[in-house]
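What the coordinates show
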Amino acid sequence: MKRLLFIVALLVSTASYSQSTITTLVLIRHAEKVNDGTADPELSEAGKQRAESLTKFFKKAKIDAVYSTSYKRTRNTVAPLAQSKNLTVETYNPSKPEEIDALIQKFKGGTIVLVGHSNTTPAVLNYLTGHKDEFAAFDDGDYANLIIVSVVERGRDVKVTWLSY
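Residues numbered from 1 in each chain as written. Predicted model: local features only at pLDDT ≥ 70, side-chain atom pairs only at ≥ 80, totals over all residues. Heavy atoms only, no water.

What follows covers the packing of helix α4 (residues 97-106) against helix α5 (residues 120-129). Where α4 contacts α5, the two axes come as close as 11 Å, and the packing angle between them is 65°. In the packing of α4 onto α5, the handedness of the crossing is right-handed. Of the residues in α5, those touching α4 at Pro97, Ile100, Asp101 and Ile104 are Val124, Tyr127 and Leu128. Tallied by class, residues from the contact of α4 with α5 come to 6 nonpolar, no polar and 1 charged. (Axes fitted to C-alpha atoms, helices over the stretch in contact; angles between N-to-C directions. Helix = DSSP H or I, 4+ residues; strand = E, 2+ residues; numbered from the N terminus. Left-handed = near helix turned anticlockwise from the far one by under 90°. Contact = heavy atoms within 4.5 Å. Nonpolar A, V, L, I, M, F, W, Y, C, P; charged D, E, K, R; others polar.)

Let's shift gears to the packing of aromatic side chains. Under the definition given, this model contains 4 aromatic pairs. With 5.0 Å between their ring centres and 75° between their planes, phenylalanine 57 and phenylalanine 58 make a pair best called edge-to-face. Classification of phenylalanine 58 as buried rests on a relative accessible area of 6%. Relative to tryptophan 162, the ring of phenylalanine 138 lies with its centre 6.1 Å away and its plane at 80°, an arrangement referred to as edge-to-face. On the criterion of sequence distance, the pair formed by phenylalanine 138 in the loop between α5 and β5 (145-153) and tryptophan 162 in strand β6 (residues 157-164) is long-range, its members being 24 residues apart. (Phe/Tyr/Trp six-rings, centres within 6.5 Å; stacked < 30°, edge-to-face > 60°. Buried < 20%, exposed > 50% of the residue type's maximum accessible area, 1.4 Å probe, protein only.)

Further remarks concern the sheet that holds β5. A sheet is described by the order of its strands in space; here 6 strands give the open sequence β3-β2-β4-β1-β5-β6, paired in mixed fashion. The two strands at the open ends of the sheet, each matched to only one other strand, are β3 (89-91) and β6. For this sheet the average axis-to-axis angle between neighbouring strands, irrespective of direction, equals 25°. Of the pairings in the sheet, the one linking β5 to β6 comprises 8 bridges and is antiparallel in character. Following the sheet pairing, valine 149 is matched in β6 by valine 160. Strands β1 (23-29), β2 (65-68) and β4 (111-116) of the sheet are contacted by α4, whose axis makes an angle of about 155° with β4. (Pairing = 2+ DSSP bridges.)

See the structure below:
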């Protein structure tokens, strides 16, 4: 009898999870930048190539929205991707958790690309997973991280897939 109750409970929990709405966030740090001494540099040639590679990487993926911080290097990292999907690069502030929550609600069940910086991208990941300091800032020369975060309930029911591109 206990075994039967366990199986029923497992089926019910699995069924309810499968009916949950999963929102996917793709977190990316901006591509390589020119070191020109300014606070808002352009992408370097390597950065432009990396930005183009995102278009190929997501060629067959359905993307519902593309968001960037207000800097040229972040906007230009996802501009080719947004253009290939007939989307506009929108602006978000990664230091405002309520904006992240609003995006999850607005695009519930969809896929959102968020590009940020070496410190803000891991901070958003920490916020989504509910882990205050699990993910540290990226090294300055580390531009290859692409993090896919599947969220059912922020802070509780989150899956993270870490890739390099």
